[in-house]
Amino acid sequence: MAVNPPKTKVLFSANQRLQKLKEAFLGKYEESPLFYACAPGRVNLIGEHIDYCGYAVLPMAIEQNILAAVSLNNTHTIQLANTDPKYKDFSVSVSELTIDRENPQWHYYFLCGVKGVQEQLSLSSLPGIRCLVDGTIPASSGLSSSSALVCCAGLVTMEANQKAISKVLLAETCAKCERYIGTEGGGMDQSISFLAEEGTAKLIEFNPLRATDVKLPDGAVFVIANSCVEMNKAASSHFNIRVVECRIATKILAKTRGLEWSGLQKLGALQTELGLSLDKMLDVVEEVFHPEPYSREEICNLLEITTEQLCNSILSANTQHVTHFKLYQRARHVYSEAARVLQFKAVCDSSPDGAVLQLGNLMNQSHASCRDLYECSCLELDQLVDICLQAGAVGSRLTGAGWGGCTVSMVPIERIDSFLRTVKEKYYMPDARRAALVKQSLFVTRPGGGAAIFTEE
């Protein structure tokens, strides 16, 4: 795999979208773009909410992406526009890049990427940038449109400053800088956006970041279905509450095992410290935690800390209001889901008879765990998963953060036409709003390539 993101010359006459974006850019800024950058969205096949606990995940890039046309000047201003009129124009001086995490607008995600790469490269100043963004990833759908925008902006900033950064470093930088907007994610979305390769899913492992090809079985395809319920991770605290619950669970488990707990933040790091298997970690969870939610007082007593220490050192800015934490359920999900990822890869690697059914079964177990233990599903997602299974999928689950967004289903090739027809009839057509969105909401997907720079041939 090439170390740096690819740079290719493209014949625009053969690429309608690039040609259209060039014309729109010309109309907007009265000059031609210098270069184009794109970063794909992703679908996570299995391994939900475990990247930020230090565990491997198994996503693939999708064909839908964020594409930006860019020109440079010496105005020291970043001018941003979007081909979708619902996203307003924005301009800011390069010396005043501030991100308002209370108000997660589209342009702040772009600025996260700019700021992250500027800091990574220690750039004292930036050139003026004019940028027109065109996205085909549905927003707030669990297909990582926001992270793709951050990655695209990081790539734009690298190219605008004529620097070369490796895909791995770009992925790590963009994962870190998305936290400027308040999302404490684990790095899966940014990693697959840069490290993806056409035709293969990837096992993404962290610390150090690495990606391994996973050949998906012949005989089945993956279908994405959007529940049409939107969820913006940065705008709600659901996501960060789960991060904090896992952090508290880590610390309590570490303390009961006599470890120095204050430096431990992740359930994965705890497993490494203890040197136990994932199955044994599940036994420890059963032994230590009760299923009832833990109050702040109980957590403080167990860790022998004050409420003030809990608020300052463990809770994040948008979880200060939380009074009860479900530690047993969250830890059980993380350790069992981490094991399912490894089982999924093992089945793909050995491709036994019945591989498709085995993988489908793992996806079904993953959805049940997300729904019952991690509680990151919603009524519509559960309904959609049921319809997908009735329609002929061997496995179906929510993908992405949850609380809305998409499902991913594994469907035997011979059933694909009847599957799409049934899901359309049962989930989309009875509801006028969903019916209007069905074309971009229900589609077969294949593993796509990673982020890239284009210039016109």
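Check the entry above for the structure.
Residues numbered from 1 in each chain as written. Predicted model: local features only at pLDDT ≥ 70, side-chain atom pairs only at ≥ 80, totals over all residues. Heavy atoms only, no water.

**Q** What exactly am I supposed to notice about the nonpolar core here?
**A** Soluble globular proteins: nonpolar side chains tend toward being buried together. Core analysis: the largest hydrophobic core is formed by 135 residues, its most contacted members being Leu-45, Phe-289 and Phe-344. Leaving out residues up to four positions away in the same chain, Leu-45 has contacts with Leu-58, Pro-59, Met-60, Ala-201, Leu-216, Phe-222, Phe-344, Met-363, Arg-397 and Val-408. Among the nonpolar cores identified, the runner-up in size contains 16 residues, and Leu-384, Cys-388, Ala-391 and Leu-442 belong to it. (Core = buried A, V, L, I, M, F, W, Y, C linked by side-chain atoms within 4.5 Å. Buried < 20%, exposed > 50% of the residue type's maximum accessible area, 1.4 Å probe, protein only. Contact = heavy atoms within 4.5 Å.)

**Q** Is there a simple way to think about helix H1 (residues 16–29) in this case?
**A** Residues spaced three or four apart along an α-helix face the same direction, because each turn holds 3.6 residues. Across its 14 residues, H1 extends 20 Å between first and last C-alpha, which sits within 8% of the 20 Å expected from 1.5 Å per residue. Its side-chain oxygen at 3.2 Å from the backbone nitrogen of Arg-17, Asn-15 defines the N-terminal cap of H1. Of the residues one or two after H1, Glu-30 is the one with positive phi, at around 55°. (Helix = DSSP H or I, 4+ residues; strand = E, 2+ residues; numbered from the N terminus. Expected span 1.5 Å × (residues − 1). Polar contact = N/O pair within 3.5 Å; in protein donor to acceptor, adjacent residues only side chain to side chain.)

**Q** What is the right way to read the sheet that holds strand E14 (residues 442–445) from this model?
**A** Within a sheet, neighbouring strands are paired by backbone hydrogen bonds and run either parallel or antiparallel to one another. The strand order across the open sheet formed by four strands is E12-E13-E9-E14, and the pairing between neighbours is antiparallel. Two strands in the sheet have a free side with no partner beyond their single neighbour: strand E12 (395–399) and E14. Strand-to-strand twist of the sheet, defined as the mean angle between neighbouring strand axes without regard to direction, takes the value 25°. Here four bridges tie strand E9 (residues 220–226) to E14, and the two strands are oriented antiparallel to one another. By the bridge assignment, Ile-224 is partnered in E14 with Phe-443. Contacts between helix H13 (residues 379–390) and the sheet are confined to E9, E12 and strand E13 (406–412), with E12 contributing the most and set at about 155° to the helix. On the sheet, helix H15 (residues 432–441) packs against E9 and E14 and is oriented at approximately 10° with respect to E14. (Pairing = 2+ DSSP bridges. Axes fitted to C-alpha atoms, helices over the stretch in contact; angles between N-to-C directions.)

**Q** Can you help me understand the packing of aromatic side chains in this one?
**A** The way to describe two aromatic rings as a pair is by their centre distance and the angle between their planes. Following the criterion strictly, the structure yields eight aromatic pairs and no others. Ring centres of Phe-12 and Tyr-36 lie 5.1 Å apart, and the angle between their planes is 65°; this geometry places the pair in the edge-to-face category. Separated by 24 residues along the polypeptide, Phe-12 in the loop between strand E1 (7–10) and H1 and Tyr-36 in strand E2 (residues 35–46) bring together distant segments of the chain. Tyr-36 shares its class with Phe-12; the two are buried. Centroid distance Phe-289 to Tyr-294: 5.8 Å. Interplanar angle 80°. Geometry classified as edge-to-face. Judged by its relative accessible area of 5%, Phe-289 is buried. (Phe/Tyr/Trp six-rings, centres within 6.5 Å; stacked < 30°, edge-to-face > 60°.)

**Q** I'm lost on the environment of Cys-376 in this one. Help?
**A** In this fold, Cys-376 is placed in the loop between helix H12 (355–372) and H13. On the accessibility criterion, Cys-376 (0% relative accessible area) is buried. A C-alpha to C-alpha distance of 29 Å links Cys-376 and Arg-415, two positions 39 residues apart in sequence.

**Q** Looking at this structure, I do not really get the environment of Lys-439. What am I missing?
**A** Looking at where Lys-439 falls in the secondary structure, it is placed in helix H15. By relative accessible area, which is 76% here, Lys-439 ends up exposed.

**Q** Would you explain the packing of helix H9 (residues 296–303) against helix H10 (residues 307–314) in this entry?
**A** For any two helices packed against each other, the geometry is given by the interaxial angle and the distance between the axes. Between H9 and H10, the shortest axis-to-axis distance is 9 Å and the interhelical angle comes to 90°. When the interaxial angle is binned, H9 and H10 end up roughly perpendicular. Within the contact between the two elements, H9 uses Arg-296, Ile-299, Cys-300 and Leu-303 and H10 uses Thr-307, Leu-310, Cys-311 and Ile-314. Across the contact of H9 with H10, the residue classes break down as six nonpolar, one polar and one charged. (Parallel < 35°, antiparallel > 145°, perpendicular 65-115°, else oblique. Nonpolar A, V, L, I, M, F, W, Y, C, P; charged D, E, K, R; others polar.)

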